[in-house]
Amino acid sequence: MGSMMLGCITDFFTYETTKSVVVKSWSVGIINRIVQLLIISYFVGWVFIHEKAYQVKDTGIESSVMTKVKGFGYHNNQVMDVADYVFPQQGSGIFCIMTKVIITENQSQGTCAELGKNFKCSNDTDCHKHYGSILSNGVITGVCLNSSNDTMGYCESSGWCPAENDQVKIDPMLDVSNFTIFIKNSVRFPLFNVTRGNFLSTMSSQEIKTCKYHPETSPYCPIFLVGDVLSFTDQNASELADKGGEIGINIEWKCNLDLDIKHCLPKYSFTRLDAPFSKNKISSGYNFRFAKYFKTENGTDFRTLHKAFAIRFDVMVTGNAGKFDTIPTLINLVAAFTSVGLGTVLCDIILLNFLKGAKQYKAKKFEEVSEAQIEAYLARSPGSQLSLRPGLKSSYDSGAISFTTSDQPF
């Protein structure tokens, strides 16, 4: 019993190593080293240097955006200022600069003739098909107005009258290209408790007021010329002012907090957000309606309706911050060392399946022993350990061959 326990303890405190087969082949050796070099290059160049996988990332960016537009323009022989063409006026990250407005004055509740060729009629029956229409300016009553034997009339609608005529030709306000947009942006990375703003600490108040953004000469100026923004997105200013559109201003913060905090700076980019619909005849451009309401002395409500074509600006803030951390560094190092072993797997596949000496390599790499061979050998040589040479011993838990220094000469 004691010898059995001693044997178990001895077998437990042993070291086993795998058997290696050295294949002296130029082709396989070159493939192995190339694969290893590619894997190492990928982890060093892409994972660690480019992606900075040794850092912990904070993508939960907290951001605040305030905007202010300045400039004067002419529209319908009137001078337009910020209060006239910017909507809404709160200076948020989403705002519109109105470039063309169609005004329908003195509308009041009542019934009137609907406008548009789709609502032409010769009798009341022609108007019945428009019941429930959402394309009219009011609720269709089913009555055909002003029709005669020689001329067509128009269907009657109940709502704000007179009906809006949005087909009138009005020149847009092309001065929009000279307007400026001031953007004030602050961000915070809560994981690291780091707060940054889009003004350089070295810029004076005078420089901030007089500079104009340019991606090369002035990349950190917070004032943007509308004409420059449109040119960055390859848009025609006159066409965009006539039909409207949506422009995105993206402020990207990518901060490496292993460096000095002064290197944490914004990067601006511009794009047209409604580009997929710019060539669509039905839904191209951008427009919206709003009304100003009044009351007469006798208490009757009336309004002035505005259909505004505008360039809508969306200021979007994205980014992340990273800082060195031990855990992601260790995880990616282990992944790198493990992936280097893929070279061995690939070389084994080539050796076992595609090279001329594949059978010889299999014979060296794998040793097959059947139960019949074991029984026959034990019957012929009781107490022996298969074909082990003197001095070699078999491990009981894995079947690997081991040797002791006392049995082998140095």
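Residues numbered from 1 in each chain as written. Predicted model: local features only at pLDDT ≥ 70, side-chain atom pairs only at ≥ 80, totals over all residues. Heavy atoms only, no water.

> Account for the confidence of the model for the protein, naming residues and giving values.
Averaged over all residues, the pLDDT of the protein is 84; the fraction at 70 or higher stands at 89%. Per-residue pLDDT stays below 50 along residues 385-410; that stretch engages in 30 contacts with residues further than four places along the chain or on separate chains. (pLDDT = per-residue confidence, 0-100. Contact = heavy atoms within 4.5 Å.)

> An account of the state of the cysteines is needed here, citing residue identities and associated values.
Taken as a whole and judged by the stated rule, the model has five disulfides. Residue pairing for Cys127: its cysteine sulfur links by disulfide to Cys155, the two sulfurs lying 2.2 Å apart. Handedness of the Cys127-Cys155 disulfide follows from its S-S torsion of about -95°: it is left-handed. Separated by 28 residues along the polypeptide, Cys127 in helix H4 (residues 125-128) and Cys155 in strand S9 (residues 153-161) bring together distant segments of the chain. Residue Cys127 is classed as buried on the basis of its relative accessible area of 0%. When its relative accessible area of 0% is taken as the criterion, Cys155 is described as buried. A sulfur-sulfur distance of 2.0 Å marks the disulfide that ties Cys211 to Cys221. Taking the sign of the S-S torsion, about 85° here, the bridge from Cys211 to Cys221 comes out right-handed. Taken together, the residues Cys211 in the loop between helix H5 (205-210) and strand S12 (223-225) and Cys221 in the loop between H5 and S12 connect sequence positions ten residues apart. Of the two residues, Cys211 and Cys221, both sit in the buried class. Described in terms of the sequence order of its bonded cysteines, the disulfide pattern of the protein is 1-6, 2-4, 3-5, 7-8, 9-10. (Disulfide = S-S within 2.5 Å. Helix = DSSP H or I, 4+ residues; strand = E, 2+ residues; numbered from the N terminus. Buried < 20%, exposed > 50% of the residue type's maximum accessible area, 1.4 Å probe, protein only.)

> An account of helix H9 (residues 342-353) is requested, with residue identities and associated values reported.
Taking 1.5 Å per residue, twelve residues should reach 16 Å; H9 reaches 17 Å between its end C-alpha atoms and fits that length. For H9, the complete set of buried residues consists of Gly343, Cys347, Asp348, Ile350, Leu351 and Leu352. (Expected span 1.5 Å × (residues − 1).)

> An account of the nonpolar core is needed here, citing residue identities and associated values.
Core analysis: the largest hydrophobic core is formed by 48 residues, its most contacted members being Tyr85, Ile97 and Phe313. No other element matches strand S16 (residues 301-324), which puts six residues into this core. Beyond its immediate sequence surroundings of up to four residues, Tyr85 is in contact with Val69, Lys70, Gly71, Phe72, Met80, Cys96, Ile97, Met98, Met173 and Phe179. The next biggest cluster of nonpolar side chains, apart from the first, holds seven residues, and it includes Phe43, Val47, Phe48 and Ala53. (Core = buried A, V, L, I, M, F, W, Y, C linked by side-chain atoms within 4.5 Å.)

> Could you give an account of a positive patch on the surface, naming the residues involved and the relevant values?
A contiguous patch of positive charge, built from Lys68, Lys70, Lys184 and Lys209, is present on the exposed surface. Along the polypeptide, Lys209 turns up in helix H5. (Patch = residues over 30% accessible without salt bridge, like charges linked within 9 Å, V, L, I, M, F, W, Y side chains within 5 Å. Areas by Shrake-Rupley, 256 points an atom, 1.4 Å probe, with all protein chains shown as cover. Salt bridge = Lys/Arg side-chain N within 4 Å of Asp/Glu carboxyl O. Lys, Arg positive; Asp, Glu negative; His and termini not counted. Charge placed at Lys NZ, Arg CZ, Asp CG, Glu CD.)

> Report on the pattern of salt bridges, specifying residues and quantitative values.
Side chains that differ in charge, positive against negative, can pair when their charged atoms come close. Within this structure, the stated rule accounts for ten salt bridges. Among the salt bridges present, the one from Glu246 reaches Arg312, with a minimum N-O distance of 3.9 Å. Of this pair, Glu246 sits in strand S13 (residues 245-256) while Arg312 is found in strand S16, placing the two residues 66 residues apart along the sequence. Since its relative accessible area comes to 21%, Arg312 is described here as partly exposed. In this structure, Arg272 and Asp274 form a salt bridge, with 2.7 Å as the shortest nitrogen-oxygen distance. Judged by relative accessible area, which is 4%, Asp274 ranks as buried. A cluster of three or more residues bridged by salt bridges with shared partners is formed by Glu164, Asp166, Arg289 and Lys307.

> How would you summarise the packing of helix H2 (residues 26-50) against helix H8 (residues 326-340) if you had to cite specific residues and measurements?
Put simply, H2 and H8 touch, their axes get as near as 9 Å, and they point 160° apart. Taken together, the axes of H2 and H8 are roughly antiparallel relative to one another. You can see that H2 and H8 cross each other, and the crossing is right-handed. Taking contact as the criterion, the partners of Gln36, Ile39, Ile40, Phe43, Val47 and Phe48 in H2 are, on H8, Asn332, Leu333, Ala335, Ala336, Ser339 and Val340. When grouped by side-chain class, the residues that make up the contact of H2 with H8 number nine nonpolar, three polar and no charged. (Axes fitted to C-alpha atoms, helices over the stretch in contact; angles between N-to-C directions. Parallel < 35°, antiparallel > 145°, perpendicular 65-115°, else oblique. Left-handed = near helix turned anticlockwise from the far one by under 90°. Nonpolar A, V, L, I, M, F, W, Y, C, P; charged D, E, K, R; others polar.)

> I'd like a rundown of the packing of aromatic side chains, residues and numbers included.
Taken as a whole, this structure holds 18 aromatic pairs when the rule is applied. Judged by centre distance (5.0 Å) and plane angle (70°), the ring pair of Phe224 and Tyr268 falls under edge-to-face. Residue Phe224 is found in strand S12, and its partner Tyr268 is found in strand S14 (residues 266-272); the two are separated by 44 residues along the sequence. Summarising the burial analysis for this pair, Phe224 and Tyr268 share the class buried. The structure contains a cluster of three or more aromatic residues connected by ring pairs, namely Tyr213, Phe224, Phe232, Tyr268 and Phe270. Positioned over the ring face of Phe309 is Lys100, at 4.5 Å from the centre of the ring. (Phe/Tyr/Trp six-rings, centres within 6.5 Å; stacked < 30°, edge-to-face > 60°. Lys NZ or Arg CZ within 6 Å of the ring centre and 35° of its normal.)

> Describe the environment of Ser63, naming the residues involved and giving the relevant values.
Relative to the assigned elements, Ser63 resides in strand S2 (residues 62-70). The spacing of Ser63 and Thr195 is 132 residues in sequence and 9.6 Å in space, taken between C-alpha atoms. Among all residues touching Ser63, those that are not within four sequence positions of it are Asn185, Ser186, Val187 and Val317.

> Lay out the pairing of strand S11 (residues 194-197) with the relevant residues and their values.
Burial along S11 is one-sided: Val194 and Arg196 are buried, while Thr195 and Gly197, pointing the other way, are not. Counting the residues in the hairpin turn of strand S10 (residues 180-189) and S11 gives four residues, including Asn193, whose phi is positive at 55°. (Pairing = 2+ DSSP bridges.)

> Got a sec to walk through the packing of H9 against helix H10 (residues 358-365)? Specific residues and values, please.
Where H9 meets H10, the closest approach of the two axes is 6 Å, and the angle between their N-to-C directions is 120°. Here H9 is positioned oblique relative to H10, judged by the angle of their axes. Where H9 approaches H10, its residues Asp348, Leu351, Leu352 and Asn353 are matched on the opposing element by Ala358, Tyr361, Lys362 and Lys365. Residue classes in the contact of H9 with H10 are distributed as four nonpolar, one polar and three charged.

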